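# Working through the structure, step by step
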Amino acid sequence: MHSQVVLGLLLLTTAPLPSLARQATVATSPTLTGLVVDATGVVLAGAAVEVRRVRDGEAPALVALVQADREGRFRTDGLPAGIYRVSVDLPGFARVTREVIIDGGSPTAVRLELAPATVSEEVTVFATRIAGMPEELRRMPGSLEVVDADTLASSHPFSVNEALRKISGVNVRDEEGFGLRPNIGIRGLNPTRSTKVLLLEDGVPLTYAPYGDNAAYYHPPLERIESIEVLKGSAQIAYGPSTVGGVINYVTPMPPQQTSGTMTLEGGTREFFNGYGTVGTRRGPVGLLGSYMRRMGEGARDNTHSSLHDVTGKAVVMLTPSQVLTVRGSHYVETSNITYSGLRQAEWEAAPRGNPFANDRFDGWRTGTSATHAVVLSPRAVLSTTAYASWFDRDWWRQSSNSAQRPNDAADPLCGGMENLLTTCGNEGRLRAYYTVGVEPRLRVDHALFGVRQETDLGVRLHTEHQDRRQENGDTPISRTGRLVESNVRDADAYAAFVQHRVLLGNLTVTPGLRVEHVRFARTNRLANDGAGLGGATSLTQAVPGVGVAYGAGDRYTLFGGIHRGFAPPRVEDVITNAGGVVELDPELSWNYEAGARTRLVPGLSLDATFFRMDYQNQLVPASLAGGVGAVLTNGGETLHQGLEMAGRFDAATLRSTSHNVYVRAAWTWLPVARFTGVRTSNIPGFSGVSVSGNRLPYAPAQTLTTTLGYANASGLDLMVEAQRVGEQYADDLNTVLPTPDGQRGLIPAMTLWNASVNYRLSRLPLTLFGTVKNLGDVTAIVDRSRGILPTMPRLVQVGVRVTF
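Calculation notes
- Residues numbered from 1 in each chain as written.
- Predicted model: local features only at pLDDT ≥ 70, side-chain atom pairs only at ≥ 80, totals over all residues.
- Heavy atoms only, no water.
- Pairing = 2+ DSSP bridges.
- Helix = DSSP H or I, 4+ residues; strand = E, 2+ residues; numbered from the N terminus.
- Axes fitted to C-alpha atoms, helices over the stretch in contact; angles between N-to-C directions.
- Buried < 20%, exposed > 50% of the residue type's maximum accessible area, 1.4 Å probe, protein only.
- Phe/Tyr/Trp six-rings, centres within 6.5 Å; stacked < 30°, edge-to-face > 60°.
- Lys NZ or Arg CZ within 6 Å of the ring centre and 35° of its normal.
- Patch = residues over 30% accessible without salt bridge, like charges linked within 9 Å, V, L, I, M, F, W, Y side chains within 5 Å.
- Areas by Shrake-Rupley, 256 points an atom, 1.4 Å probe, with all protein chains shown as cover.
- Salt bridge = Lys/Arg side-chain N within 4 Å of Asp/Glu carboxyl O.
- Core = buried A, V, L, I, M, F, W, Y, C linked by side-chain atoms within 4.5 Å.
- Contact = heavy atoms within 4.5 Å.

## Topic: the sheet that holds strand E3 (residues 61–67)
An order of E3-E2-E5-E6 is seen for the four strands of this open sheet, with the pairing classed as antiparallel. Sheet topology places E3 and strand E6 (96–102) at the edges, where each strand pairs with a single neighbour. The mean inter-strand angle of the sheet, taken between neighbouring strand axes irrespective of direction, is 25°. One ladder, built from seven bridges, connects strand E2 (residues 48–54) with strand E5 (residues 82–89); its direction is antiparallel. Among the inter-strand pairings, Val51 is bridged to a residue of E5, identified as Val86.

## Concerning unusual backbone geometry
Excluding glycine, residues mostly have negative phi values, and the peptide bonds linking residues are mostly trans. With an omega of 15°, the peptide bond between Gly240 and Pro241 qualifies as cis. Along the chain, the position of Pro241 falls in the loop between strand E13 (227–233) and strand E14 (247–251). Of note in the backbone geometry, Glu271 takes a positive phi value of approximately 60° without being a glycine. Mapped onto the fold, Glu271 is located in the loop between strand E15 (260–268) and strand E16 (272–283). Residue classification places Glu271 among the exposed positions, given a relative accessible area of 51%.

## Looking at the packing of aromatic side chains
Taken as a whole, this structure holds eleven aromatic pairs when the rule is applied. When the centroid spacing of 6.0 Å and the interplanar angle of 20° are considered together, the rings of Phe392 and Tyr434 count as stacked. Placement of the pair is Phe392 in strand E21 (residues 381–398) and Tyr434 in strand E22 (residues 427–449), with a sequence separation of 42 residues. One exposure class covers both Phe392 and Tyr434, and it is buried. Sitting above the plane of the Tyr217 ring, Arg394 keeps its charged end 4.1 Å from the centroid. Sitting over the ring of Tyr340, Arg398 keeps its end group 3.9 Å from the ring centre.

## Points about a nonpolar patch on the surface
A contiguous nonpolar patch, built from Met263, Leu265, Phe273, Val279 and Phe805 and spanning about 430 Å² of accessible area, is present on the exposed surface. Looking at the nonpolar patch, the elements with two or more residues in it are E15 and E16. When you line up the elements, Val279 lands in strand E16. A relative accessible area of 47% places Val279 in the partly exposed class.

## Considerations on the pairing of E22
Two elements, E21 and E22, share 18 bridges in a ladder whose sense is antiparallel. Counterpart to Arg398 in the pairing with E22 is Glu428. Sheet topology note: the E22/strand E23 (residues 452–474) ladder contains 21 bridges and is antiparallel. Within E23, the position partnered with Val445 by the bridge is Thr456. Counted along the chain from E22 to the antiparallel partner E23, the turn is two residues long, and its residue Phe450 has a positive phi close to 55°.

## Notes on the pairing of strand E34 (residues 703–713)
Bridge count between strand E33 (residues 660–676) and E34: eleven bridges; the pairing is antiparallel. Bridge assignment links Trp668 to a residue of E34, and that residue is Leu705. Between E34 and strand E35 (residues 717–726), which pair antiparallel and follow one another directly, the connecting turn spans three residues, one of which, Gly716, has a positive phi of 105°.

## Looking at the nonpolar core
With 42 residues, the main nonpolar core has Leu164, Val170, Ile184, Leu199, Ile228, Ile248 and Tyr250 as its most contacted residues. Among the elements that take part in this core, helix H6 (residues 160–164) stands out by supplying three residues, more than any other. Apart from residues lying up to four places away in sequence, Val170 is in contact with Leu164, Ile184, Gly185, Ile186, Val230, Thr669 and Thr704.

In structure tokens, the structure reads:
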């Protein structure tokens, strides 16, 4: 029974624990070796391999759980002579089982060929993942990178920011330290609130208002994420609405094949505690999985502390052999003592981790649910339909919104200034409620025309979102109600359709596509006209074409290239004023180009490289400093982004069949060009007549680099050290170098942070012990100036244990 539970855990995660993964590549004296391939002979990485010994009169006993490496190979050692049953599982493929005889002499080799899974399992992958079957990846006309479950488990990232830095082309700016409101930029795009990135969870839009206010004030905890997919290039027009930078899809685990679960407990410095547990089961055609997380700790600055709860549930029901229904639900609660404002320059120099606003507080609640029905209509047609809804409330009571406010109630004679901050000064409550509902059917048809194989993906989306925004001004530092000074309703209704058509000409795939977005915006100021209200509405329609090509022979290399239209809608508040007037603000538009290669040069060595160019007709940029840099957006005119990104991985055990695995991972981005190219003057008050044409775009470092060096052996030990470097950045369009008194302008110097982790799996227990150190050198550096200066997270030391049952 114990062995069955361990197997259930393995299938739950679809990638084994780091120690199990290493067992596949660092075992000594192998008695069984194997290769996992698909029906065309292409190797399959990451397959879970179960080895059971068969004896007369006894149930087959589990003796090994390993994982196929990146070259599809696995091996075990120490198996006595006898008969063994070897089973292989990989998402999207049917389970394969073979019996082999080990005679105790030379190692026994076995080749396991996997066929596509039952159609109901295959369509589940089609409906939730960007990177589906290996054949699809070879045809993908764009850059695609994945942070897999093994990497997440072994490196123990403290936040999603740390995890995303493992992807080339991605620049993530820290804020409060926990990564609760990530600032993600791709290929030099401004990372503020991740507004220029499309975030998905299992293929479902994640942000609370992707059409009307695509800002990430909520992000799912990293604990519940199994892997991260990042797609750039022309293939992203199948998603939307934003197609400018890239698509990030967070993939959550499927229910296990048998009853099983995990429990992880960890604690550390700065009052850190994290407890996370999962339990799942399968009963006939129904698979169930649930999880709960409790996380708390101090942030990067004084007087900051966050407390999180997250509950999830997933049910997968095989209705028939050709139909599957997946239902998901989650509920998230955050309570944080945290301020919105950064530091002024003098405050930073006196106490870089200081925070005078001890009473600022953020309360957030988010409930999300979705249901996906997938059905095979015929051997050549698959239809998936996803309905989704989410509710997100956040109340942020604060005494400052940026470093120019000291505090925001300073004009009140009862306040007067910072000397009365904690006694008679009031506060502002930014109170928000968001509701989002949508439905999105997608159809894939495989057919032939004039003897040439064709594939067509097409889909539509009906989407509506509602924002209820209020501001109440309180009379005391700890007020949680006050005078109503703003009451706005902002709505966005969207209708979208796309088609991507693949022409398969042997090893060459040509993929033209088109997406059309129609968005209607509406805004009502409920306080206008003495409470009678005043509103306005406008709409836009945009075609988003693209074409890509991919050429690949087997899994050794794929060459790809493409061009597509980048598009992102403006926010409701930027196209309709508080008085109901319509602002002539164009959508964000660009032409995006890329060319690259995905290669597996030799066993154990992979290297991907992509050249990219984003030529903007109109990039939306900050228009004022009212809420700090980035509060209001305006037409920025022409900008240009151009550079190179590279990602590589090396595993010595696979290359040299050694008993010790030294592994290296790297993600590098070089962005020599990120500048204003059209006629453009500064948006900084007092400098409106100063030209910024040719200046570098803010928050666009010329280089970012993440490198990892690790060692693992057969005893269950896994050691890793990682360096994450971000080059220097400007914080404003004037490219100001010397810091200004408010701290919002000035050069942000380059920095390098070092992290380390150790994992040790006990050989006789389903137990893994681990420890991590983040920011080994305890570096204190500037990460942001947009609302004042924010510092890096200080050194964190954490230890934990992971138990399977």
